[in-house]
Every structure is written in structure tokens, then in C-alpha cells.
Amino acid sequence: MSDQVYDLSQYVEDLRSITREETDDKKILERVAPLAQKFAMTPGLIKDEYYHCNEEQGMSFHLLHEDEDHSNAVFVLAWLPDRGTLAHNHKTWGVVVGIEGEERETWWLRKDNGSKPGYAELERQTENTVGLGQASCVLPEDIHTVWNHTDKVTLSLHTYGKHINFTGRSEFDPEARTEKAYVVTVE
Ligand SMILES: [Fe+2]
């Protein structure tokens, strides 16, 4: 039915179909991004509790869905003003769609070959802003920093091939040239 709301269960079914049919991460992202944009605009998606931010972490991950094997993970993230992440990768594909406010992304290029444990050399690349309804995609090895540069709580919808605490991803300090495991607190 065309007037039916695109709800979480339909979105998850589509994610499962796409990841069954495609093996190439770029093709998965091409197909997931417009659906993530559609789902992000679903009326009633945002609950009051999603505005809660973890003060220590600077942002909160509100888990909406993950499959039993941690695949097809969907979160709403709430970002405190002037807070964000260090540079990080994801070790899985991901799509971010702005729901409220804006967040700024800085992209980094890794210059070393990753052979020295705990060491990473990053070079700053471009910056962009993700606003309402806009989608930003990451491939598993892409590295970015995300920051809420506004003075209000920012919300965004995040969809990953796998729950990001189960991918073995890393956090980087470009100044100190360090790499370490990156696990987040999920609400
Ligand atoms: Fe990220």
C-alpha cells in the first residue's frame, strides 16, 4: 500500500534482502542510502528518550535493531553540542542520515601500512556537513571524525552492516599517531 508508513520492520527486511543479494559494499551503500533517507523521515521515529546524551561519551547510541549475528544494525545517535568523536573507522559499511541539526565530518587518509601495532599516520582530507535528510556513506576502511558544531543536540540515523562494537574497529589520535580499539557505550 502506497500510503503505508515505512517502518523499522520493513527497513530491516529491505536491509536483509540487499545484503543477501549484494556482496560489494559500494553496491550495498547505493541501495541502502535512499532507504535510510526514507526511514529517517518516518513519522514517529524519534522518541523523547533519543535526545538523551551520554555526558561522558559526548553522544548516545540508541539501538533500534540488530540481527542475532549483529548484522543490519540500526541506531539513532544523539550528539551533545560541541562534542564528537576522535578519528575512527568502522570495519563495516555504514550510512548516516541527518534527522535534526547538523554534524560535521572530517575525512582522513591513512599514510602508513598498518604494520606497526598501535601506530597510525593520518593526513587530514576534506570536510563536509551532514544536515537534515542528507546521507553520508562509509566503506569499512574509511576514516572520519564526526563533530556536532552546533549549539543544540543533533540527531542522526546510523545503519551499519554489523553492530560497530563487533567489527574490531579502531579509534585514532592523528596528533599522537596512535590507533586503539574503539568500543562505544550503547543505550
Ligand atoms: Fe563514524
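Preceding this paragraph is the structure being described.
Residues numbered from 1 in each chain as written. Predicted model: local features only at pLDDT ≥ 70, side-chain atom pairs only at ≥ 80, totals over all residues. Heavy atoms only, no water.

This brings us to the coordination of the iron ion. Ideal geometry at a metal gives 109.5 degrees between four tetrahedral donors and either 90 or 180 degrees between six octahedral ones. At the metal site, the iron ion is ligated by H88 (NE2), H90 (NE2) and H144 (NE2), and these contacts range over 2.1 Å. In the primary structure, the donors to the iron ion are separated according to the pattern H-x1-H-x53-H. Neither H88 nor H90 differs from the other in exposure class; each is buried. (Donors = N, O, S within 2.8 Å, 3.2 Å for Na, K, Ca; no water. Buried < 20%, exposed > 50% of the residue type's maximum accessible area, 1.4 Å probe, protein only.)

Turning our eyes to something else, we now look at the pairing of strand β1 (residues 59-65). For β1, the tally of buried residues reaches six of seven residues, placing the bulk of the element in the interior. Where β1 meets strand β2 (residues 71-79), six bridges bridge the pair, whose relative direction is antiparallel. Across the sheet, the residue bridging to H65 is V74, located in β2. Here β1 hands over to β2 after five residues, with H70 in that stretch at a positive phi of 75°. (Helix = DSSP H or I, 4+ residues; strand = E, 2+ residues; numbered from the N terminus. Pairing = 2+ DSSP bridges.)

Before going further, it helps to spend a moment on the nonpolar core. The tendency in soluble globular proteins is for nonpolar side chains to be buried as a group. Counting 26 residues, the largest nonpolar core has Y11, V32, F39, V95 and L157 as its most contacted members. Contributing elements (two or more residues each) for this core: α1 (8-21), α2 (25-40), β2, β4 (94-100) and β9 (154-162). It is α2 that provides the largest number of residues to this core, a total of eight residues. When residues no more than four places from it in sequence are discounted, the contact partners of L157 are A36, F39, A40, V74, F75, V76, V95, V96, V97 and I99. If you look at the next biggest cluster of nonpolar residues, it comprises eleven residues, including F61, W79, V146 and Y160. (Core = buried A, V, L, I, M, F, W, Y, C linked by side-chain atoms within 4.5 Å. Contact = heavy atoms within 4.5 Å.)

Let us now look at unusual backbone geometry. Positive phi outside glycine occurs at D82, with the angle close to 55°. Despite not being glycine, K91 has its phi angle at roughly 60°, a positive value. For K91, the location among the structural elements is in the loop between β3 (87-88) and β4. K91 sits in the partly exposed class, given a relative accessible area of 34%.

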